[in-house]
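What follows is each chain in one-letter form.
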Amino acid sequence: MKKILIIDTTWPINSRTERFRKTLQEKYHVIVSAWKRDGKPEDPREDLHIMVNNIGYGNQILKLIKLPLFILHNFNVCKKNNPDIIFASHWDSLICAAFIKALFFRRIKIIYDCLDLPTTSNYFIRKFLQLIEKTSLKYVDITIFASRYFESLYPKKINSIIFENYPPKSSLTPYHSQPSWFKDYDIVTIKNTKTVSWIGVVRYLNILENILDAIKDTDIHFLVFGTGPDLEKLQAAVIQKNLNKQVHFFGRYEHADLNFIYSISELIWAAYPTSDHNAVYAISNKYFECSSFEKTPIISKKTKMAEYLRGRKNAILIDEFNVNEIRNSFFDYFNNGKDDEPFEKYEPDASWEDRENLLIEYLEKNLP
């Protein structure tokens, strides 16, 4: 059985990479190398190699400065485990993989999961990151695009496959009981309330505050499912804006809870700051989930997703920086947009597990 080393610059590894890990385990011996940056020690586990330091998360410059330490860590992991393939889960993981292959292990094959685009608010740093990625791509054997819109930004000659963030089968399974975190709420009351839901990592405080300003002095409620780096700041903003009765925090949830979450939600927020180059071309998880669960997503009109959905009644396209436009879109939906016509799905229903065999077949064919 061939060995695959998954390299991820975070720990725990991101949810998409975790799904790949489970998929690859069907055919390969999978080893994980990750970078835990909160300084807290991690218990050793078989086939798991974690570098721990205390530089924190969110500082891209400091992360790049310390990246040589993580490259050295991965070199030692490769020396110990002798993998056949490296799975680089992000552009910064790709730098590690390319460096190791170029200087030490030429025979290793590299799979690059283009999870998102190298990006930062600084134009010159972004160009520098793109140059590093372009150079590293020379050592890649297969590129996996997490969005169909990424493909046009890369050379046509590269060996690539599109494999997007399809929902896991566990999230599509009908729920049989309410999650424990919902015990303090009445489901009938929630379902009879006008709601906008944020589902996932709580970040992009400027966008979150725009939602708060849009629902102020209305009867619309904002439901927040998940945790993240901006959770405490959002909670403080809710208090400062006196919106405690309209904003509800439900905390961490499992993928298996998604069916329940969507069942009690009306509008689903999926409009992230398009000042970030990546947000324009990415495909949100909510894109697939809303189609599967037949809920209306709110998407930035500046994205490639919006270009495809423009003209469809089952999506709301807005300028995520314009509070008045956000508020008006809420009013328009709750006053005029709801009807008894069947929901028109914009994507065929398919889970991650439905598609994973196609990926495995592709890898086996192209990495003999």
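Quick caveat, the model's predicted, so the values are computed rather than measured.

Participant: Any chance you could break down the state of the cysteines for me, citing the residues and the numbers?
Facilitator: This model, assessed by the stated rule, comprises zero disulfides. Of the cysteine sulfurs around Cys-78, a residue in no disulfide, the closest is that of Cys-96, at 10 Å.

Participant: Can you tell me about a nonpolar patch on the surface, naming the residues and giving the values?
Facilitator: A contiguous nonpolar patch, built from Phe-99, Leu-103 and Phe-104 and spanning about 310 Å² of accessible area, is present on the exposed surface. Topologically, Phe-99 is positioned in helix α3 (residues 91-103). Judged by its relative accessible area of 39%, Phe-99 is partly exposed.

Participant: Tell me about helix α14 (residues 352-366), residues and numbers included.
Facilitator: In an α-helix, one full turn covers 3.6 residues, which means residues spaced three or four apart are oriented alike. The end-to-end C-alpha distance of α14 is 21 Å, a good match for the 21 Å that 15 residues give at a rise of 1.5 Å each. When we look at burial in α14, the residues that qualify are Trp-352, Glu-356, Leu-359, Ile-360, Tyr-362 and Leu-363. Seen from one end, α14 has its buried residues packed into an arc of 160°, which puts them on one side. Turned more than 90 degrees away from the buried face of α14, the exposed residues are Asn-357, Leu-358 and Lys-365. Residues of α14 that are buried sit in contact with α1 (15-24), β5 (109-114), β6 (142-145) and β7 (160-162).

Participant: Summarise the sheet that holds strand β10 (residues 247-251); cite the residues concerned and give the values.
Facilitator: One open sheet accounts for six strands, arranged β10-β9-β8-β11-β12-β13; its pairing is parallel. The sheet is open, and its two edges are formed by β10 and β13 (316-318), each paired on a single side. With strand direction ignored, the average angle separating the axes of adjacent strands in the sheet is 25°. Contacts from helix α7 (residues 205-215) reach β8 (194-199), β9 (220-225), β10 and β11 (267-269) within the one sheet, and its direction differs from that of β9 by about 155°. Strands in contact with helix α11 (residues 285-293) are β8, β11 and β12 (296-300); relative to β11, the strand with the most contacts, it is inclined by about 165°.

Participant: Can you break down the nonpolar core residue by residue, with the values?
Facilitator: Membership of the largest hydrophobic core comes to 120 residues, with the highest contact counts inside it found for Leu-24, Ile-144, Val-196, Phe-222, Trp-269 and Phe-330. Other than its neighbours up to four places away in sequence, Leu-24 contacts Ile-4, Ile-6, Val-30, Phe-87, Ile-360 and Leu-363.

Participant: Describe the environment of Phe-222, and please don't skip the residues or the numbers.
Facilitator: Summarising the element assignment, Phe-222 is placed in strand β9. On the basis of relative accessibility, which here comes to 0%, the residue Phe-222 falls in the buried class. Considered as a pair, Phe-222 and Lys-66 are 156 residues apart in the sequence and their alpha carbons are 39 Å apart. Here Phe-222 is in contact with Val-196, Ser-197, Trp-198, Leu-208, Ile-211, Leu-212, Ile-215, Gln-246, Val-247 and His-248, once residues within four sequence places are set aside.

Participant: I'd like to hear about the pairing of β8, residue by residue, with values.
Facilitator: Where burial is concerned, most of β8 is hidden: five out of the six residues are buried. Across six bridges, the pairing between β8 and β9 is parallel. Bridged to Ser-197 within β9 is Leu-223. Handedness of the crossover is the feature at issue here: the chain leaves β8, passes through α7, returns alongside β9, and the resulting connection is right-handed.

What counts, and at which threshold
Residues numbered from 1 in each chain as written. Predicted model: local features only at pLDDT ≥ 70, side-chain atom pairs only at ≥ 80, totals over all residues. Heavy atoms only, no water. Disulfide = S-S within 2.5 Å. Patch = residues over 30% accessible without salt bridge, like charges linked within 9 Å, V, L, I, M, F, W, Y side chains within 5 Å. Areas by Shrake-Rupley, 256 points an atom, 1.4 Å probe, with all protein chains shown as cover. Salt bridge = Lys/Arg side-chain N within 4 Å of Asp/Glu carboxyl O. Helix = DSSP H or I, 4+ residues; strand = E, 2+ residues; numbered from the N terminus. Buried < 20%, exposed > 50% of the residue type's maximum accessible area, 1.4 Å probe, protein only. Expected span 1.5 Å × (residues − 1). Arc of directions from axis to C-beta. Contact = heavy atoms within 4.5 Å. Pairing = 2+ DSSP bridges. Axes fitted to C-alpha atoms, helices over the stretch in contact; angles between N-to-C directions. Core = buried A, V, L, I, M, F, W, Y, C linked by side-chain atoms within 4.5 Å. Right-handed = clockwise from strand over helix to strand, strands pointing away.

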